[in-house]
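One-letter residues, chain by chain:
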Amino acid sequence: MIDKVYCADVRPDMEGKRVKLAGWVYRKREVGKKVFIVLRDSSGIIQTIFKKELSEEAYAEAKKVGIESSVIIEGVVKADPRAPTGVEVQADRIEIIQNVDFFPITKDASDEFLLDVRHLHLHSPKVASVMKVKATMMQAAREWLLQDGWYEVFPPILVTGAVEGGATLFKLKYFDKTAYLSQSAQLYLEAAIFGLEKVWSLTPSFRAEKSRTRRHLTEFWHLELEAAWMDLWDIMKVEEELVSYMVQRTLELRRGDIETFRKDFTTLKNTAPPFPRISYDEAIDILQSKGVQIEWGEDMGADEERILTQEFESPFFVYGYPKHIKAFYMKEDPEDPRKVLAADMLAPEGYGEVIGGSQREDDYDKLVQRILDEGMDPKDYEWYLDLRKYGSVPHSGFGLGLERLVAWVLKLDHVRWATLFPRTPSRLYP
Ligand SMILES: NC(=O)C[C@H]([NH3+])C(=O)NS(=O)(=O)OC[C@H]1O[C@@H](n2cnc3c(N)ncnc32)[C@H](O)[C@@H]1O
Ligand SMILES: [Mg+2]
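Residues numbered from 1 in each chain as written. Chains lettered and ligands numbered in written order. Predicted model: local features only at pLDDT ≥ 70, side-chain atom pairs only at ≥ 80, totals over all residues. Heavy atoms only, no water.

Which entries qualify depends on this criterion: UniProt positions are given in the numbering used here, feature names are shortened, and annotations may be inferred rather than shown by experiment.
The chain appears in an unreviewed UniProt entry as Asparagine--tRNA ligase from Thermococcus barossii. Under the UniProt heading Sequence similarities (unreviewed entry), the note attached to the chain is "Belongs to the class-II aminoacyl-tRNA synthetase family."

Okay, here's the thing in structure tokens:
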């Protein structure tokens with residue numbers, strides 16, 4: 001590794017110090033016998049200036065470079081309030097690692113073109129900010145999970161059955177058998193609680209969703225938790241504590257990056273336990289009172305959730321959904337057999353569902369019946385049903401869509417911008 005300093009580490013109080021920088025040409029302009037190059041690296045930018053009278057050779061080389069050329073620049077630090085970061089480097093040496101005559105991404109590039117050249121779009125400091133925020137959100141999650149006594153486990157991605165409905169399974173040939181790409185690690189986490197009690201995993205989940213909405217990907221990163229002895233109300237408390245810590249810690253560590261995307265931090269600051277909780281019944285009443293054509297028993301889609309989120313200035317829960325619109329593994333509400341002990345967490349500002357969670361059916365016979373009611377074959381879930389035969393316990397868990405949470409925190413207009421290489425029904429390349 002060359003002994004370089006990062007752009008963001010060059011400060012005005014380093015005036016007179018000689019530094020070596022390595023990065024990419026972010027901006028360039030020529031004024032008289034001077035070339036100004038704004039250099040970019042992973043930390044940020046800094047202005048460098050090449051004066052002909054200081055070094056004719058370096059000046060001639062600097063004149064050659066194109067936008068996004070990779071270069072090493074050396075020079076002396078000079079405080080200058082006119083420079084973008086209040087400091088610049090008076091450069092006397094430049095090594096062109098690779099010159100770029102024409103970088104294909106221009107200011108007026110369309111979203112579709114940016115997705116076509118996503119491998120080059122990753123040069124963008126704005127895209128880098130999204131990835132830094134996403135990484136920090138997961139760093140925060142790991143911090144919280146460790147201090148709260150959760151064990152990370154590593155479930156399989158090649159599986160034999162559906163968790164969230166057969167319609168969105170990606171099927172593949174597995175030697176002489178059929179396998180699927182995991183929709184959710186949940187069932188395997190439920191097995192892991194018998195030894196570890198509180199477990200979590202971060203895995204890619206796959207959904208052959210044909211819905212082309214702003215919040216659906218066909219591959220997304222799924223943070224899932226499962227805990228023995230917890231009921232729905234316990235796991236909701238875990239969810240709000242975890243999400244609050246993720247948001248507040250990321251605000252603390254990545255405020256500058258978040259400011260690139262949003263100016264109003266109210267909802268982020270409001271993200272602290274306890275989150276508001278409304279029942280599905282209350283949600284339907286609210287929607288109907290706002291003129292939405294929805295009846296009890298119908299599922300809420302993105303549009304209905306968007307309207308519902310207008311009532312809140314923080315993430316909130318909707319609990320107690322009708323059984324027939326929810327998954328087979330959810331425990332029936334003992335107080336109302338029409339409902340299940342399930343809760344979704346919705347993000348405000350129109351973003352909607354970021355977490356799906358529930359208490360699981362822990363009774364063997366009831367679970368078999370639910371599988372049959374859903375038109376599935378209990379034989380396909382024999383191992384999963386065993387979990388209800390050998391020391392079954394009340395247990396609950398949830399799945400958080402990491403891209404959806406990042407999309408809300410950064411107010412992105414589509415969840416695809418929250419992932420390195422988005423996968424949607426129409427996008428598998430690059
Ligand atoms: N361990 C569990 O209990 C998780 C449970 N089996 C599950 O998969 N629930 S979920 O289908 O609501 O998905 C969970 C979350 O996963 C996200 N999710 C779910 N589907 C998607 C798609 N297609 N694209 C992006 N994000 C998605 C979204 O935030 C959901 O709230
Ligand atoms: Mg869901």
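**Some words on unusual backbone geometry**
Where we set the bar: Strands are runs of DSSP state E lasting at least two residues, helices are runs of H or I lasting at least four, and both sets are numbered from the N terminus onward.
Following Pro-273, the chain continues into Pro-274 via a peptide bond in cis, with omega recorded as -5°. The topology assignment puts Pro-274 in the loop between helix H7 (266–269) and strand E12 (277–279). In the segment running from Tyr-429 into Pro-430, the intervening peptide bond is cis, with an omega of 5°. Of note, Pro-430 is situated in the segment after helix H12 (402–409). If you check the backbone angles, Glu-68 has positive phi at about 75° while not being a glycine.

**Structural notes on the packing of aromatic side chains**
What counts, and what does not: Two rings belonging to Phe, Tyr or Trp (six-membered ring only in the last case) form a pair when the distance between their centres is within 6.5 Å. Interplanar angles under 30 degrees mark stacking, angles over 60 mark edge-to-face geometry, and anything in between is tilted. Only when the NZ of Lys or the CZ of Arg is both within 6 Å of the ring centre and within 35 degrees of the ring normal is a charge said to sit over the ring.
Evaluated as defined, the whole model comprises 11 aromatic pairs. Both rings, one in Trp-233 and one in Tyr-319, keep their centres 5.3 Å apart while their planes meet at 85°; by these two values the pair is edge-to-face. One end of the pair, Trp-233, is in helix H6 (residues 232–259); the other, Tyr-319, is in strand E13 (residues 316–319), and 86 residues separate them in sequence. These aromatic residues form a ring-pair network of at least three members: Tyr-188, Phe-328, Tyr-329, Tyr-381, Trp-383 and Tyr-384. Between the NZ or CZ atom of Arg-29 and the centre of the ring of Phe-36, over which it lies, the distance is 4.2 Å. In this structure, Arg-338 is placed above the aromatic ring of Trp-296, and the distance from its NZ or CZ to the ring centre is 4.4 Å.

**Let's talk about the packing of H6 against H12**
The following threshold applies: Only the stretch in contact is used when a helix axis is fitted, and all axes are lines through C-alpha atoms; the angle between N-to-C directions ranges over 0 to 180 degrees. We call two directions roughly parallel when the angle between them is under 35 degrees, roughly antiparallel when it is over 145, roughly perpendicular when it lies between 65 and 115, and oblique otherwise. Working rule for handedness: look at the near helix, and if it is turned counterclockwise from the far one by less than a right angle, call the crossing left-handed; if clockwise, right-handed. Whether two residues touch is decided by their heavy atoms; if any such pair falls within 4.5 Å, the residues are in contact.
Relative to each other, H6 and H12 sit at 55°, their axes nearing to 12 Å. By the angle between their axes, H6 is oblique relative to H12. In this structure, the crossing between H6 and H12 has a hand that is right-handed. For the pair H6 and H12, the contacting residues are Val-243, Met-246, Val-247 and Ile-258 in the first and Leu-402, Leu-405, Trp-408 and Val-409 in the second.

**Quick look at the sheet that holds strand E4 (residues 70–79)**
We apply this condition: For two strands to be treated as a pair, DSSP must find no fewer than two bridges joining them.
Taken together, the 5 strands give a closed barrel; going around it, the order is E1-E2-E3-E5-E4, and neighbouring strands pair in mixed fashion. Direction aside, neighbouring strands of the sheet carry axes that sit 55° apart on average. Two elements, strand E1 (residues 18–31) and strand E2 (residues 34–41), share 7 bridges in a ladder whose sense is antiparallel. Bridge assignment links Glu-30 to a residue of E2, and that residue is Val-35. Against the sheet, helix H1 (residues 56–64) makes contact with E1, E2, strand E3 (44–51) and strand E5 (87–98), and its axis sits at roughly 70° relative to E5, the strand it touches most.

**Section: helix H9 (residues 302–309)**
Inclusion rule: Only protein chains enter the calculation, and the probe is 1.4 Å; a residue is then buried if its accessible area is under 20% of its type maximum, exposed if over 50%, and partly exposed in between. Arc definition: it is the arc formed by the directions from the helix axis to the C-beta atoms.
Among all positions in H9, only Glu-305, Leu-308 and Thr-309 are buried. Along the long axis of H9, the arc covered by the buried residues comes to 95°, so they all point the same way. Looking at the buried side of H9, the elements it contacts are E12, helix H8 (280–289), E13, strand E16 (342–347) and strand E17 (352–359).

**A few points about the sheet that holds strand E7 (residues 158–159)**
The strand order across the open sheet formed by 3 strands is E7-E9-E8, and the pairing between neighbours is antiparallel. Each end of this open sheet is capped by a strand with a single partner; those strands are E7 and strand E8 (170–174). Here E7 runs beside strand E9 (residues 177–181); their pairing, made up of 2 bridges, is antiparallel. The residue of E9 that forms the bridge with Val-159 is Tyr-180.

**Side note on the domain arrangement of the chain**
To be explicit about the condition: Domain delimitation follows an automatic or database domain assignment.
What the domain assignment lists for the chain is domain 1 (7–98) and domain 2 (115–417). Put simply, the middle of domain 1 and the middle of domain 2, counted by C-alpha atoms, are 46 Å apart.

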